[in-house]
Amino acid sequence: MATDHPRDEGSLMLRLAPVLIVILLVAPILAGLTMALLPAFGYLPALGGERLSLDPWRALFAEPGIWRSAAISLASGLLATAISLAVVLLFLAAASGSRLDRWIRRLVSPLLSIPHAAAAFGLAFLIAPSGLVARLASPGLTGWERPPDLLIVHDPWGLSLIAGLVIKEIPFLLLMSLAALPQLDTERRVAMARSLGYRPTLAWWKVVAPSLYPLIRLPVFAVIAYASSVVDVAMILGPTLPPTLAVSILTWFSDPDLETRFLASAGAILQLGVTATALMIWWALERLVARLMRGWVIRGGRRRGEASLHIAGKLWVVLVTVIAFAGIAGLAIHSVAGFWRFPDLLPTSATLAHWARALPALAGPIASTALVAVASTLIAAALALAALENEQRSGRHPSRALWLLYLPLIVPQIAFLFGLVVVMEQLGTRPTHALVTFGHLLFVLPYVFLSLSEAYRRFDPRWSRLALTLGASRNGAFWRVRLPMLLAPILTAVAVGLAVSIGQYLPTQLLAGGRVTTVTTEAVSLAAGNNRRVIGVWALVQACLPLVGFIIAIGLPKLLWSNRRGMQGAP
Amino acid sequence: MNATHRLQLRDICISLEGQTLVELDAEIGPGEVLTVMGPSGSGKSTLLAYLAGFLAPAFQARGRVLLDGRDISGLPAERRGIGLLFQDPLLFPHLSVAGNLRFGMPRAGANKTARVEQALGNIGLAGFGARDPATLSGGQKARVALMRLLLSAPCAVLLDEPFSKLDTHLRHEMRRLVFDRLHEAGLPSLLVTHDREDAEEAGGRVIELAH
């Protein structure tokens, strides 16, 4: 049989890679969930919980405001997702092929690379009562001579939390959509519909959107799960009395009284339920919208609503982009602000004092951040490449396993991470950089794999075949042809991995037990202190670190292939 | 370049889900070209994939492929000694022209640089070694691809419609060059095409696949 290839060097490692990935992603989640479930019913021998009981649940439901916490988590998750998805679809419908489209496509990667915490701080500095927006409007429009006594950031309804999430989830969903769109032959579909008399934006909604949504459904679910259980953004922007469920769980878990661990465990299981409920509500909404859309698509309206859809599509995405970048600019201004009276738009003097004071403290966390990010990303890239190479060589497409990649993105972090901490404590593992790296790998690996698989599967198989018929071995074909030709997408995947790792708050915070601090954990811990100048320094550093990866990812191939025109565009 | 090789295809039958796609029994002597013709969907590319060692697992194949009397049908692609010329020149975009030529040369060979220079002179591209392949014209690329194939010292060659994407005026010239060189090198070749002119200029036997 021609398919019966003898094993060549390294093939065992390749064959193990997919198995290893599944174990790495699934085992910690299962172990973590188990060790949250058992203490939630009172069983944790290490803390004296020998019998199953409902006490933790009674304690949980006796907590003041617990239902409000859960409701806010649920609502903010659903609303943030719905708004983000709507803005992304509106934009794609209105702007396809326009100059704005090209601009936004260029900005989407840097926007995505801004860590959640930095974006949240940026937004907080904009919308706070003494923030840049209030300064811009005062005293002229508002008449405010001093910052008004308004609870805008940390508002009890979680509106600023939702806004902070939307800023970060739009670039994510946009990137996922842009990756899926080429499969749909969008231009010809829209041209077809236009030839039947439909206006362009309406045409997109009627003939592209219904096919696009199923392709980005898993990323949408990941956004729901993330938004309904996020911790760092909620600590910076979310309500405080009571906070969101995920923040409450973290507070209980960090309580020095170990008894509250049982309470925290019950909370983690409740969080799992809240996220599951959010997903089910979304699923029901999907059915409803699909039914309404079906009627609307075939009813034959060709013009009505075109103008408003078109304007909304451009307006919202521009607004969100401006807010995101203005937020980062705000961080920069705060980090060098000297004396700054309220209604003044800019500080009267600039100073490097905050930077000078922060620098000695920055070095350690930056080194830790870089070490963990580089280690977890390199491991993830090696595993992903091995699995994809194995897929190519065996000629199979393991699409069934794909949803497993989304598992760490769909199960709420807080629900399994701290069960995982309990497992690690039982195993006697000390919190180290290695343990934190392992924790980050759970979230870095899916993103690196998803970003790489796209380029890998699109790569023309004839290149490798050609190399083989020229006598190169399978490994030779990989190292001498596939790897160099895919350098640009591989570096992009690495940059994505670094950005994901740099932005991680909860895995570092929980698995390190305070012994490994990164720029992100430090920045988030400053949220309570409210010293904006110091926060400006840390959040700006946090926002800039991932850019280093993207600059290398874009610059290095340009440098290496400056004399190779065929390598300038993506292969 | 005057080795004599012989490619024998014994009772080959490729099928997909029980349906026979291609049946072939043929022998190609040194320097001969066997042309397999047929419309698209007639299983031409499946036959090539089978002979080169890239048949997708979904297909079943029976029969034996003998190269110089040795059964190669169980060998992986890189150890079969069969070279391939594609529709496109497929010059590796990350290597220079010389790098492309060196890619397929056996590692142990002496004097590689001189041989590459000589080979380039041979196809009218002397001094092109350091060039970026993307800066070459279509005809130049096709010639480099042919030379790369020859320098890799294959024992037999498969041609996958290699002239179909060339301009009309280049097509005739390339056909002559390819068939002359393959004949000179004494290589048995199998040409797959749907262009009758290809078959006529190849000069060898023609097998038509139905469907």
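Here is what the cut-offs are and how they apply
- Residues numbered from 1 in each chain as written.
- Chains lettered and ligands numbered in written order.
- Predicted model: local features only at pLDDT ≥ 70, side-chain atom pairs only at ≥ 80, totals over all residues.
- UniProt positions renumbered as here; feature names shortened; annotations may be inferred.
- Buried ≥ 20, exposed ≤ 12 C-beta atoms within 10 Å, placed from the backbone.
- Helix = DSSP H or I, 4+ residues; strand = E, 2+ residues; numbered from the N terminus.
- Expected span 1.5 Å × (residues − 1).
- Contact = placed C-beta atoms within 7 Å.
- Pairing = 2+ DSSP bridges.
- pLDDT = per-residue confidence, 0-100.
- Domains from an automatic or database assignment.
- Nonpolar A, V, L, I, M, F, W, Y, C, P; charged D, E, K, R; others polar.
- Axes fitted to C-alpha atoms, helices over the stretch in contact; angles between N-to-C directions.

- An unreviewed UniProt entry annotates chain B as Putative thiamine transport system ATP-binding protein originating from Halomonas fontilapidosi.

- As annotated in an unreviewed UniProt entry, chain A carries the name Putative thiamine transport system permease protein and is attributed to Halomonas fontilapidosi.
- According to its UniProt record, chain A has this under Sequence similarities (unreviewed entry): "Belongs to the binding-protein-dependent transport system permease family."

### Regarding helix α1 (residues 44–52) of chain B
Residue and element names in this part refer to chain B.
Phase 1 of the analysis: Of all nine residues in α1, eight are buried, a share of seventy percent or more.
Phase 2 of the analysis: If you check which residues of α1 are buried, you get K44, T46, L47, L48, A49, Y50, L51 and A52.
Phase 3 of the analysis: Residue G53 follows α1 closely and has a positive phi angle near 100 degrees.

### What about unusual backbone geometry?
Phase 1 of the analysis: A cis amide bond links A:L241 with the next residue in sequence, A:P242, at an omega value of -5 degrees.
Phase 2 of the analysis: Mapped onto the elements, A:P242 comes out in the loop between α12 (232–237) and α13 (245–254).

### Quick notes on the UniProt feature "domain: ABC transmembrane type-1" (unreviewed entry) in chain A
Phase 1 of the analysis: Per the UniProt annotation, the sites labelled "domain: ABC transmembrane type-1" (unreviewed entry) are residues 66–281 and 366–553 of chain A.
Phase 2 of the analysis: Annotation note: span residues 66–281 of chain A, helix share 75%, strand share 0%, distance between end C-alpha atoms 20 Å.

### Notes on helix α19 (residues 413–427) of chain A
Residue and element names in this part refer to chain A.
Phase 1 of the analysis: Relative to the 21 Å expected for 15 residues at 1.5 Å per residue, α19 spans 21 Å between its end C-alpha atoms, a close match to the ideal helical length.
Phase 2 of the analysis: Among the 15 residues of α19, 11 are classified as buried, and the element is accordingly described as predominantly covered.
Phase 3 of the analysis: Those residues of α19 that fall on the buried side of the exposure criterion are Q413, I414, A415, F416, L417, F418, G419, L420, V421, V422 and M424.
Phase 4 of the analysis: Residues of α19 that are buried sit in contact with α1 (11–40), α11 (217–229), α13, α14 (260–299), α20 (433–458) and α24 (506–512).
Phase 5 of the analysis: A positive phi of about 75 degrees marks G428, the residue just after α19.

### Some details on the environment of A:F459
Phase 1 of the analysis: The residue A:F459 is located in the loop between α20 and α21 (461–469) in this model.
Phase 2 of the analysis: Counting along the chain gives 26 residues from A:F459 to A:M485, while the straight-line C-alpha distance between them is 9.1 Å.

### Overview of the pairing of strand β2 (residues 19–28) of chain B
Residue and element names in this part refer to chain B.
Phase 1 of the analysis: Strand direction decides the pairing type here: strand β1 (residues 7–16) and β2, joined by eight bridges, are antiparallel. Each residue of the ladder has a partner; that of Q8, found in β2, is E27.
Phase 2 of the analysis: In this structure, the hairpin formed by β1 and β2 is closed by a connection of two residues, where E17 is found at a positive phi of approximately 50 degrees.

### Observations concerning the confidence of the model for chain A
Residues and elements named next belong to chain A.
Phase 1 of the analysis: The pLDDT averaged across chain A works out to 87; a share of 96% of its residues lies at or above 70.
Phase 2 of the analysis: Per-residue pLDDT, averaged within each element of chain A, yields its smallest value for helix α17 (residues 402–405) (78) and its largest for helix α3 (residues 66–95) (94).
Phase 3 of the analysis: Across residues 1–9 the pLDDT falls below 50, and counting only partners more than four positions away or on other chains, this stretch makes 15 contacts in the model.

### Re the pairing of strand β3 (residues 33–37) of chain B
All names here are of chain B.
Phase 1 of the analysis: In terms of residue burial, β3 counts as a mostly covered element, since four of its five residues are buried.
Phase 2 of the analysis: The pairing of β3 with strand β8 (residues 189–193) spans five bridges and is classified as parallel. Across the sheet, residue V33 finds its bridge partner in β8, namely S189.
Phase 3 of the analysis: The pairing of β3 with strand β9 (residues 206–208) spans three bridges and is classified as parallel. Of the residues in β9, the one forming a bridge with V36 is I207.

### What to know about the domain arrangement of chain A
Residue and element names in this part refer to chain A.
Phase 1 of the analysis: On domain assignment, one finds that chain A holds domain 1 (10–43 + 361–571) and domain 2 (61–336).
Phase 2 of the analysis: On a C-alpha basis, the centroid separation for the pair domain 1 and domain 2 is 24 Å.
Phase 3 of the analysis: Counting residues at the interface gives 38 residues for domain 1, matched by 39 residues for domain 2.
Phase 4 of the analysis: Elements that contribute at least two residues to the side of domain 1 that touches domain 2 include exactly α1, α18 (407–410), α19, α23 (487–503), α25 (519–525) and α26 (532–560).
Phase 5 of the analysis: The element contributing the most residues to the side of domain 1 that touches domain 2 is α26, with 12 residues.
Phase 6 of the analysis: Here the side of domain 1 that touches domain 2 is built from residues that sort into 28 nonpolar, seven polar and three charged.

### Focus on the sheet that holds β8(B)
What holds strands together in a sheet is hydrogen bonding between their backbones, with the strands either parallel or antiparallel.
Residue and element names in this part refer to chain B.
Phase 1 of the analysis: Within the open sheet, the five strands sit side by side as β6-β7-β8-β3-β9. Their pairing is parallel. Of all the strands in the sheet, the pair left with one neighbour each is β6 (82–85) and β9. Direction aside, the axes of adjacent strands within the sheet are offset by 20 degrees on average.
Phase 2 of the analysis: As defined by bridge partners, strand β7 (residues 156–160) adjoins β8 across four bridges and the pair is classed as parallel. If you follow D160 over to β8, its bridge partner there is V192.
Phase 3 of the analysis: Across the sheet, α1 touches β3, β6, β7 and β8, and the angle it forms with β7 is around 155 degrees.

### Some remarks on the interface of chain A and chain B
Phase 1 of the analysis: Contacts between the two partners involve 27 residues from chain A and, on the opposite side, 30 residues from chain B.
Phase 2 of the analysis: In terms of residue class, the side of chain A that touches chain B is built from 13 nonpolar, eight polar and six charged.

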